[in-house]
Amino acid sequence: MRALLVRGGRVIDPASAVDARVDVLLRDGTVAAVGPALADPGADVLDATGAVVAPGFIDLHTHLREPGDEHKETVASGLAAAAAGGFTTVCAMPNTRPPADDPAVVRTVLELASASGLARVLPIGAVTRDRAGRALADLAELAAAGCVAFSDDGAYVADAALMRSALEWARALGVPLSDHCEDPALVRGGTMNEGPVSARLGLPGAPGAAEVAAVARDLALAALTDAHLHIAHVSTAAACDLIATAKARGLHVTAEVTPHHCFLTERAVMERADVEGLAYDTDARVNPPLRSESDRRACLEALRAGVIDCVATDHAPHARTDKWCEFDRAAPGISGLETALGVLGALVAQGALDLPTAVARLTAGPARAWDLGRRVPGIGSLRPGAPADLVVFDAAREWMVHPARFRSRGRNTPLAGRALRGLVLTTVHGGRVVYRHEEQG
Ligand code: DOR
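Residues numbered from 1 in each chain as written. Predicted model: local features only at pLDDT ≥ 70, side-chain atom pairs only at ≥ 80, totals over all residues. Heavy atoms only, no water.

A. View of the side chain of histidine 230. The topology assignment puts histidine 230 in strand E15 (residues 229-231). In terms of polar contacts, histidine 230 uses its side chain to reach the side chain of threonine 254, at 2.8 Å. Those residues in contact with histidine 230 that lie beyond four places of it in its chain are Leu60, Leu177, Ser178, Asp179, Thr254, Ala255, Glu256, Cys310 and Trp370. (Helix = DSSP H or I, 4+ residues; strand = E, 2+ residues; numbered from the N terminus. Polar contact = N/O pair within 3.5 Å; in protein donor to acceptor, adjacent residues only side chain to side chain. Contact = heavy atoms within 4.5 Å.)

Following this line, the structure appears as structure tokens:
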């Protein structure tokens, strides 16, 4: 493969504290050099003048759906969506059919990923067999098969004693446990946030306390077991406070927030730019649900301050038929890989976040949260020797979300018709261009 010289861009590499107009030379699958006026007569040149160059984004929370639900997404279509969104590494959630509670499923996903070659997949193994919350999966086998975390995402491990055992195993294996914090006893059929909007629409609500109670229990178990607990998709102000306190006490706790919980509120269930006349938008149905404006602001502030380590998409593609139905029958989830940068860019434009911080939360933040450099040296950075994974984007460019243009099979997004800011121009994975933006008429 020929070397690639990315020339003239603003390189933002938070891991190495670089924010400067320099060139990046990629050679033999790694970053060879970063600096002014680099030259390599044998290299292809990618002109990044006027654009930002950053390490390829890392998503700790992606649903790829294969095996079992290929009509929603395949590994190949999910990785094409990742590349289009600037992501070069995605951590694949285990709630496939069958679930990744068995190394054979993990191996299948890894094989499909390397056949596609569009992005790196780091698999996540299930905590419990069949994700049923009754008996532990063979966590040691899953770790040996390459799982970088364990999670029953989509479901809370309601049995506290079982969760304690899971955390003890996770601690022994040196692997984080990514926790879906919604206590089902409090959710009880709720389909959106419990509050004024659910009351107005007459939809059953799930209180924020369902998350807060679950986070509190598991922080106690993390303290008991000394395990690494990762709180997935934080959505409430009170959970942010609990995480801040736990971190201050020295617990090994990390956390992620989704772009949608930073950008939208429960009002999105009844307001959408491109849909009129409908009482509600099933594309805004997601678990945990979109919350109040004060929750949204608190999550965003926690992300800015670093209490929440990173942005994770919770990319949850669904088919049309899963969403074209009554609200309570609609599958929860938002297709998020292709809008993540645009949402963060919109938040930057609002003054809620600065651009280097936004980039950090998509690169160094997730890499550090799960210590992924142990597995892939230099991942999430552009240090010499790091993988040749980077994204070139136009930070100022406004664009409109047209789900029909997604690479993902999941066109389910409440952002359809909305203007976002920050457009991926080129994504490079392993030194190879895996996505290039093409202007649409
Ligand atoms: O909205 C969600 N959808 N939340 C989850 O935790 C699971 C996900 C899915 O798999 O569709």
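B. Region of interest: the nonpolar core. One finds Ile231, Val234 and Phe393 to be the most contacted residues of the largest nonpolar core, which totals 100 residues. Look past the residues within four positions of valine 234 in its chain and what remains in contact with it is Glu211, Ala239, Cys240, Ile243, Ala255, Glu256, Val257, His261, Cys299 and Ile308. (Core = buried A, V, L, I, M, F, W, Y, C linked by side-chain atoms within 4.5 Å. Buried < 20%, exposed > 50% of the residue type's maximum accessible area, 1.4 Å probe, protein only.)

C. The sheet that holds strand E3 (residues 18-21), seen in detail. The strand order across the open sheet built from six strands is E3-E2-E7-E18-E19-E20, with neighbouring strands paired in mixed fashion. Two strands in the sheet have a free side with no partner beyond their single neighbour: E3 and strand E20 (432-436). Strand after strand, the sheet turns through a mean of 25° between neighbouring axes, direction not considered. Set on the sheet, helix H12 (residues 340-349) makes contact with strand E18 (390-400) and strand E19 (419-429); between it and E19 the angle comes to about 130°. (Pairing = 2+ DSSP bridges. Axes fitted to C-alpha atoms, helices over the stretch in contact; angles between N-to-C directions.)

D. Fine view of the site of the ligand. Arg65, Asn95, His180, Asn287 and Pro332 are the nearest of the 14 residues found near the ligand. Histidine 180 has a polar side-chain atom sitting 3.1 Å from an oxygen atom of the ligand. Here an oxygen atom of the ligand and a backbone polar atom of glycine 333 are 3.3 Å apart. Within the complex, 94% of the 290 Å² of free accessible area of the ligand lies under protein. For the shell around the ligand, the class distribution of residues is three nonpolar, eight polar and three charged. (Near = heavy atom within 4 Å. Areas by Shrake-Rupley, 256 points an atom, 1.4 Å probe, with all protein chains shown as cover. Nonpolar A, V, L, I, M, F, W, Y, C, P; charged D, E, K, R; others polar.)

E. Region of the structure containing the pairing of E18. Pairing of strand E7 (residues 52-55) with E18 involves four bridges; the strand directions are antiparallel. Residue pairing in the sheet places proline 55 in a bridge with leucine 390 of E18. In terms of strand pairing, E18 meets E19 through eight bridges, oriented antiparallel. Bridging from a neighbouring strand, leucine 390 pairs with valine 428 of E19.

F. Just H12, in detail. Burial within H12 is extensive, with eight of its ten residues counted as buried. Where H12 is concerned, the buried positions are Ala340, Leu341, Gly342, Val343, Leu344, Gly345, Ala346 and Leu347. Glycine 351 sits one or two positions beyond H12 and adopts a positive phi of about 85°.

G. Region of the structure containing the packing of aromatic side chains. A full pass over the atoms with the stated rule returns three aromatic pairs. Centroid distance phenylalanine 57 to phenylalanine 87: 5.6 Å. Interplanar angle 70°. Geometry classified as edge-to-face. Of this pair, phenylalanine 57 sits in strand E8 (residues 57-62) while phenylalanine 87 sits in strand E9 (residues 87-92), placing them 30 residues apart in sequence. Each member of the pair, phenylalanine 57 as well as phenylalanine 87, is classed as buried. Here the aromatic rings of tyrosine 280 and phenylalanine 327 are separated by 5.4 Å at their centres, their planes lie at 65°, and the arrangement is edge-to-face. (Phe/Tyr/Trp six-rings, centres within 6.5 Å; stacked < 30°, edge-to-face > 60°.)

H. The arrangement of the sheet that holds strand E4 (residues 23-27) in detail. Across the sheet, four strands lie side by side as E5-E4-E1-E6; this open sheet has mixed pairing. A single partner strand is all that each edge strand has here, and the edge strands are strand E5 (30-35) and strand E6 (44-47). Going across the sheet, the axis of each strand differs from the next one's by a mean of 20°, ignoring polarity.

I. View of the pairing of E3. Alignment of strand E2 (residues 10-13) against E3, held across four bridges, turns out to be antiparallel. Across the sheet, the residue bridging to valine 11 is alanine 20, located in E3. Counting the residues between successive antiparallel strands, the hairpin from E2 to E3 contains four residues, one of them, alanine 17, with a positive phi of roughly 55°.

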